[in-house]
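# Analysis of the macromolecular model
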Protein chains: 2
Amino acid sequence: MADTKKPRGRPSKFDPEASLEIAMRLFWAHGYEGTSVAELTDAMGINKPSLYAAFGSKEELFEKALQHYIAGPIAFVSAALDEPTAYRVVEKLLSESVHFLTAPDTPRGCMVNTGSLSCSKETAAVKETLAKYRQQFETSLTARLQRAQREGDLPGQTNPATLAKYIATLHQGMSTQAASGASREALLDMTRLVLDNWPSR
Amino acid sequence: MADTKKPRGRPSKFDPEASLEIAMRLFWAHGYEGTSVAELTDAMGINKPSLYAAFGSKEELFEKALQHYIAGPIAFVSAALDEPTAYRVVEKLLSESVHFLTAPDTPRGCMVNTGSLSCSKETAAVKETLAKYRQQFETSLTARLQRAQREGDLPGQTNPATLAKYIATLHQGMSTQAASGASREALLDMTRLVLDNWPSR
DNA sequence: ATATTTATGTACCATTCGGTAAATAAATAT
DNA sequence: ATATTTATTTACCGAATGGTACATAAATAT
C-alpha cells in the first residue's frame, strides 16, 4: 500500500508536511507580512530555493498553511455545527474556541482573524482571502441556524443571519482578546454570560 | 493671543497638524507595518528628513497619530461612558461604533484594533501599545458598570468585569466585521439583538 | 552686509525584502 | 561507468525598508 517505487533524483531532505506545520505556526503567530521568507526557511532548516520549489511562493505557502490550519487546529469549528440544537452548536463553538484561543502551546488568537487584518496595498489579496473564510463561516452558521428554526429549537422571530453575525462577531472579538492576553477564565466567564442570555434558552 | 513673534530660521512649509492627520488616516487604513515612511512623506508632500525632524521616528509618529485618533475620531467612546445608565452607555457605545466603523469617508475598522494585531517580532512594541489601549477601555467600562451597580441600574448578580469584557469583545469583533465589509445595516441589526438581550433591560 | 538659525532637497546608507540563476551533490536508469 | 533526474547549496538580483549626512535655501539678529 505504501509508496514502494523509489523516486528518480536526489532525495528531499525535508518533509513538506512538517515544513507546512512550521509555516502554519509562524504565520499564525506573526501574520503574513510579519513573517519573512528567511524566518520560514530558517525554522524549516532548508534553503530558499527548496521552499520555492515545494510551495511556489510566499503567498502560495500561506494559502497552503491556511488550509492546513483549517483542516487541523480549527476543525472543531465546522464540527460544532453538527451539534443537535442551535443552543448546543453555539455553546460548543464558543467554549471550544475559548480553550483553543488560550491554549498554552499554540499562538494566541486565530490565524484567520489575525493573519492579516490591515496590510499594505500589495498584500490586499491575502487580507481578502481571510475575509472570505470568515464570511464562509458566518454563512455556514446562518444555514445551521435556519435549520434549527425549521427544527423548532430556535424561536421563529429570531433572524438567523443576524444571530450568526452576532456569534461570528463575538468569535472574532475573542480572537483579539486572546491575542492581547485575556485569560481563559475571563473568556469562559464571558461565554457563560453570552449563553445565559441566549435568545431561545 | 496668537503667536506673533516670528521664529528665527527658515519657515516650515508644512503644517505638522495636517501631516499628523494624514499619518493617522494611512496608519488607520493600512496599519503600522502596512504603511511605509515613503508613503507617509508622499502623502504629506514633504521629504523624509522633514518627517524625522518633526516626529522623530516612524514609531513615534504612529504613537502621535494614535493620540490624534483617540482624541478625535473615537472621542465618542469615552463620551459614551457619561450616559446616565449602564444600558444607555452600552446602547450609545455600540450604535455609535457601528456608524463610526462603517462611515463612508473614513477607513473601515478601528485603528486601535486593526493597527497591528499580528506583526513581526521587531514591531511587538506597537502591538502592545494598542493592546494596552484596548485594555484601558475595558477597565474604564468596568469602572462605569460598577458605578451603575452602585446606582442601581445594573442587577447585582452581574459581574461588571465580565460584562465589560463582553462589550469590549463585541466592539473588537465589530471592527473586524467592518474592516471585512459588513454593512452598516447588518451591524445595526446585530446591535439591536445585543441590546434586546441585555441582562438588565 | 554679514552671521546665525532653521528647514529644506538631494543623495545616500546598510539592511532586509521576496525571489532566482547557476553550479553541485545524490539518487536511479541504462 | 555513464547519463539522467532531482534537490541541494551558494551566491546573487533589483527593489524597498527605515533612517541620515550634507549641502543649500530662506528666514531673522546684529
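In this report, we go over the structure that sits alongside the text. All of these numbers come straight from a predicted model, not from anything done at the bench. (Residues numbered from 1 in each chain as written. Chains lettered and ligands numbered in written order. Predicted model: local features only at pLDDT ≥ 70, side-chain atom pairs only at ≥ 80, totals over all residues. Heavy atoms only, no water.)

The helix and strand inventory of chain A stands at 10 helices and zero strands. Sequence-ordered secondary structure for chain A, helices as α and strands as β, is α-α-α-α-α-α-α-α-α-α. Here chain A holds 201 residues, and the buried ones make up 50% of them. Within chain A, contacts between residues at least 6 apart in sequence are counted, and of these 68% link residues at least 24 apart. Carbon and sulfur atoms provide 51% of the accessible area of chain A, an area that totals close to 9500 Å². Both charge centroids of chain A, one from 23 positive and one from 23 negative side chains, sit 4 Å from each other. (Helix = DSSP H or I, 4+ residues; strand = E, 2+ residues; numbered from the N terminus. Buried < 20%, exposed > 50% of the residue type's maximum accessible area, 1.4 Å probe, protein only. Contact = heavy atoms within 4.5 Å. Areas by Shrake-Rupley, 256 points an atom, 1.4 Å probe, with all protein chains shown as cover. Lys, Arg positive; Asp, Glu negative; His and termini not counted. Charge placed at Lys NZ, Arg CZ, Asp CG, Glu CD.)

Glancing now at the interface of chain A and chain B. How big an interface is tends to be expressed through the accessible area that disappears when the partners come together. In this assembly, 39 residues from chain A lie in contact with 39 residues from chain B. Buried area between chain A and chain B, summed over both chains or domains, comes out near 3300 Å², and the portion from carbon and sulfur atoms is 62%. Linking chain A to chain B there are zero salt bridges. Run the count over chain A and chain B and you get 13 residue pairs in polar contact (both at pLDDT 80 or more). If you list the elements that add at least two residues to the side of chain A that touches chain B, you get helix H1 (16-30), helix H7 (111-114), helix H8 (124-151), helix H9 (160-179) and helix H10 (184-196) of chain A. Considering each element in turn, the side of chain A that touches chain B owes the most residues, 12 residues, to H9 of chain A. Across the side of chain A that touches chain B, the residue classes break down as 16 nonpolar, 16 polar and seven charged. (Buried area = accessible area lost by both parts, 1.4 Å probe. Salt bridge = Lys/Arg side-chain N within 4 Å of Asp/Glu carboxyl O. Polar contact = N/O pair within 3.5 Å; in protein donor to acceptor, adjacent residues only side chain to side chain. Nonpolar A, V, L, I, M, F, W, Y, C, P; charged D, E, K, R; others polar.)

Take empty space enclosed by the protein next. Counted by the stated rule, this structure contains two cavities of 30 Å³ or more. Roughly 160 Å³ of internal volume is contained in the largest cavity. Of the residues in the lining of the largest cavity, the class split is six nonpolar, 12 polar and two charged. In this structure, the second largest cavity encloses a volume near 60 Å³. Lining the second largest cavity, in full, are Tyr 166, Leu 193, Val 194 and Asn 197 of chain A together with Tyr 166, Val 194, Asn 197, Trp 198 and Pro 199 of chain B. Its residues assigned to classes, the lining of the second largest cavity comprises seven nonpolar, two polar and no charged. (1 Å grid on protein atoms, 1.4 Å probe; cavity = no way out; pocket = protein on both sides within 12 Å on 5 of 7 lines; lining within 4 Å. Points joined across faces, edges and corners; volume = space filled by probe spheres on them.)

The next thing to look at is the nonpolar core. Counting residues in hydrophobic clusters, the biggest one holds 116 residues, and the most contacted among them are Tyr 166 of chain A together with Tyr 166 of chain B. With near-sequence residues (within four places) excluded, Tyr 166 of chain A lies in contact with Val 194 of chain A together with Tyr 166, Leu 170, Met 190, Leu 193 and Val 194 of chain B. (Core = buried A, V, L, I, M, F, W, Y, C linked by side-chain atoms within 4.5 Å.)

Once that is clear, we can look at the packing of aromatic side chains. Residue and element names in this part refer to chain A. Scanning all chains against the criterion turns up 16 aromatic pairs over all chains. Ring geometry for Tyr 69 and Phe 100: centres 6.2 Å apart, planes at 50 degrees, overall tilted. Here Phe 100 lies in helix H6 (residues 86-101) and Tyr 69 lies in helix H4 (residues 58-71), a separation of 31 residues in the sequence. Site record: aromatic cluster; members linked through ring pairs are Trp 28, Tyr 69, Phe 76 and Phe 100. (Phe/Tyr/Trp six-rings, centres within 6.5 Å; stacked < 30°, edge-to-face > 60°.)

We now examine the protein's contact with DNA strand C. Contacts to DNA strand C come from 24 residues, most closely from Lys 48, Tyr 52 and Lys 58 of chain A together with Lys 13 and Asn 47 of chain B. Among the atoms of DNA strand C lying within 4 Å of the protein, the sugar-phosphate backbone contributes 68%. Within the side chain of Arg 10 of chain A, a nitrogen or oxygen atom sits 3.3 Å from a sugar or linking oxygen of DNA strand C. For DNA strand C, a phosphate oxygen lies 2.9 Å from a polar atom in the backbone of Val 37 of chain A. (Near = heavy atom within 4 Å.)

This part covers the relation of the copies chain A and chain B. What relates the two chain copies is a rotation about an axis together with a slide along it. The two copies are related by a screw operation: chain A maps onto chain B through 180 degrees of rotation and 0.0 Å of translation along the axis, at an RMSD of 0.0 Å. The superposition operator between the copies reduces to a two-fold rotation axis. Scanning chain A for the C-alpha nearest the rotation axis identifies Gly 173 of chain A, at a separation of 1.9 Å. (Least-squares fit on C-alpha atoms with pLDDT ≥ 70 in both.)

It is worth spelling out the protein's contact with DNA strand D at this point. If you check the shell around DNA strand D, you find 23 residues, and the closest are Asn 47 of chain A together with Arg 8, Lys 48, Tyr 52 and Lys 58 of chain B. Backbone atoms, meaning sugar and phosphate, make up 68% of the atoms of DNA strand D lying within 4 Å of the protein. Within the side chain of Lys 13 of chain A, a nitrogen or oxygen atom sits 2.9 Å from a phosphate oxygen of DNA strand D. Within the side chain of Arg 8 of chain B, an N or O atom sits 2.8 Å from a sugar or linking oxygen of DNA strand D.

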